[in-house]
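Architecture and fold: a report
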Amino acid sequence: MAETRRTCPPAEAAPRTGLRHVEHVMGTVFSFDIRDPRTPAVTGALRAAVGWLHHVDALFSTYRPESAISRLACDATTLDREPEVVATVLRLCEEAERRTRGCFTAHPGGRLDPSGLVKGWAVEGATRILRDAGVRNVCVNGGGDIQLTGEAAPGRPWRVGIADPCRPGQVLTTVEGRDLAVATSGTAERGHHIIDPRTGAPATGLLSATVTGPHLTWADVYATAAVVLGTAARQWISGIDGYRLVAVAQDGVVPGLPPGG
Amino acid sequence: MRRAAVTAFSTVAGVVMLLSFKPHHSDSPAATAPSATGGTGSPSASASTGGSRTGSYTGSVINTRYGPVQVEATLKGGRLTAVKVLRVPSENSRDQEIARDAVPRLTQEALHAQSAQIDAVSGATYTSDGYVRSLQSALDRAHG
């Protein structure tokens, strides 16, 4: 075998693997965990994905009076004068209201507020930006709602812990998957912040609902609707192809998990 | 009193996760705190090395309303193996008791997530404050 001369050791020749980033935006925190070799293309895609989140915040924040949503809510603008994604999100909200039979709403208290759908949708969009740039293995976590792509390591799927709403800092159970979305809604952290749009009363049926499935937009919507539906959610989600539910009842009992597990 | 005690508990627990671990020794890259402001659109400020670090990292002293808190985290191959409490609030005995209770429990929880090889944590929508207390924050820091 011919002797080959190396100008530098192979460990330095190969790009380092893995890139993590934490971004505070949209009133919460987004964590990016990329497990691909760190190339300029990957770094650039991460920058674009983060830019996308800020773009979404500028359009959809209900806390910014200049956002498209705030101006639409007070009739200071019209849909046709705003970027097309605004109409896209409002159409998705209408579909979410239909699919959940009114358990999800983009008009809580009568005012336009698509926040319940926007975060999951934004994470999906950020993931798409990364995938389109060639990123194969990435986990994007937006305030506890997660879209997974590829694997955590060669041959090892991603493993996601589901936070225990009764014991802060502890994990209730784990789910594994390659291309999978995991969304959790609940009443634990912020108190009863989910209102049943059908009655106007706080939803009290479940402490927490985690929905897994292919798309985070829908997993997130279904998780919110599951909290509203309460114990009836299990049967409802079982009728939706590709989506599954892990729910924690008000008494802390998780149907389908062994006690204390 | 009881209400204050509960607040102290969660504050101490939160602070432990809040600490930015800085290395004792110069050959380890410094852990960077997440960008608190956002808005720049550039991830480069807090994008960090993905290497597997080993060593002890001492957190900054954080002044809470209950007094200064400081912890030290030990990483082995990028994995959190121990959390040692260096300073806890000591203004009164009740706070000390709370801190002693809170910190070891939190240590166990963080280690549990590490040993289970969890890559991410899904939880009910959290605010930035909630993130600081979350296991996801611990994971980001341990591997960041």
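Model, not experiment: these values are computed from the prediction. (Residues numbered from 1 in each chain as written. Chains lettered and ligands numbered in written order. Predicted model: local features only at pLDDT ≥ 70, side-chain atom pairs only at ≥ 80, totals over all residues.)

**Focus on the environment of A:Ser61**
This is how the line gets drawn: Counting from the N terminus, the helices are the DSSP runs of H or I reaching at least four residues and the strands are the DSSP runs of E reaching at least two.
With respect to the secondary-structure elements, A:Ser61 resides in the loop between helix 2 (40–60) and helix 3 (68–73). Taking the C-alpha atoms as reference points, A:Ser61 and A:Met26, separated by 35 residues in sequence, lie 7.1 Å from one another.

**Notes on the nonpolar core**
Residue and element names in this part refer to chain A. This is how the line gets drawn: The nonpolar core criterion groups buried Ala, Val, Leu, Ile, Met, Phe, Trp, Tyr and Cys residues into a set whenever they are joined through C-beta atoms within 7 Å. Residue burial is a threshold on neighbouring C-beta atoms within 10 Å of the residue's own C-beta, all placed from the backbone, with 20 or more meaning buried, 12 or fewer meaning exposed, and counts in between meaning partly exposed. Here, residue contact means that the backbone-derived C-beta atoms of the two residues sit within 7 Å.
One finds Ala209, Val211, Ala219, Tyr222 and Ala226 to be the most contacted residues of the largest nonpolar core, which totals 84 residues. It is helix 6 (residues 216–229) that provides the largest number of residues to this core, a total of 11 residues. Sequence-distant contacts of Ala219, defined by excluding residues within four places in its chain, comprise Gly120, Ala181, Val182, Ala183, Val211, Thr212, Gly213 and Tyr243.

**Quick look at the environment of A:Ser208**
All names here are of chain A. Residue placement: Ser208 occurs in strand 8 (residues 206–213). For Ser208, a count of 28 C-beta atoms within 10 Å corresponds to the buried category. Sequence separation of Ser208 and Ser185 is 23 residues, and the distance between their C-alpha atoms is 5.7 Å.

**Notes on helix 2 of chain A**
Residues and elements named next belong to chain A. Put simply, the rule is: The length a helix should cover is 1.5 Å for every residue beyond the first. Taking the helix axis as origin, the arc is that swept by the directions to the C-beta atoms.
Look at helix 2: 30 Å from first C-alpha to last across 21 residues, which is about the 30 Å you get at 1.5 Å a residue. Along helix 2, the residues classified as buried are Val42, Ala45, Leu46, Ala49, Val50, Leu53, Val56 and Phe60. Take helix 2 and look down its axis: the buried residues cluster within an arc of 135°, on one side only. Seen from the buried face of helix 2, the exposed residues on the opposite side, beyond 90 degrees, are Pro40 and Gly44. On its buried side, helix 2 packs onto strand 1 (17–25), strand 2 (28–37), helix 3, helix 4 (84–99) and helix 5 (115–132).

**Some points on the sheet that holds strand 1 of chain A**
Residue and element names in this part refer to chain A. This is how it is decided: Only when DSSP finds a minimum of two bridges between them are two strands counted as paired. Lines are fitted to the C-alpha atoms to define the axes, a helix being fitted only along its stretch in contact, and any angle between axes, read from their N-to-C directions, falls within 0 to 180 degrees.
The strand order across the open sheet formed by seven strands is 1-2-3-4-7-8-9, and the pairing between neighbours is antiparallel. Looking along the sheet, the strands with just one partner apiece sit at the ends: strand 1 and strand 9 (244–249). Neighbour-to-neighbour, the strand axes of this sheet turn through a mean angle of 10°, independent of strand direction. The sheet contact formed by strand 2 and strand 3 (residues 138–142) spans five bridges and is antiparallel. The residue bridging Ser31 from the neighbouring strand is Asn141, located in strand 3. Packed onto the sheet, helix 6 meets strand 4 (145–149), strand 7 (180–186), strand 8 and strand 9 and runs at close to 155° relative to strand 8.

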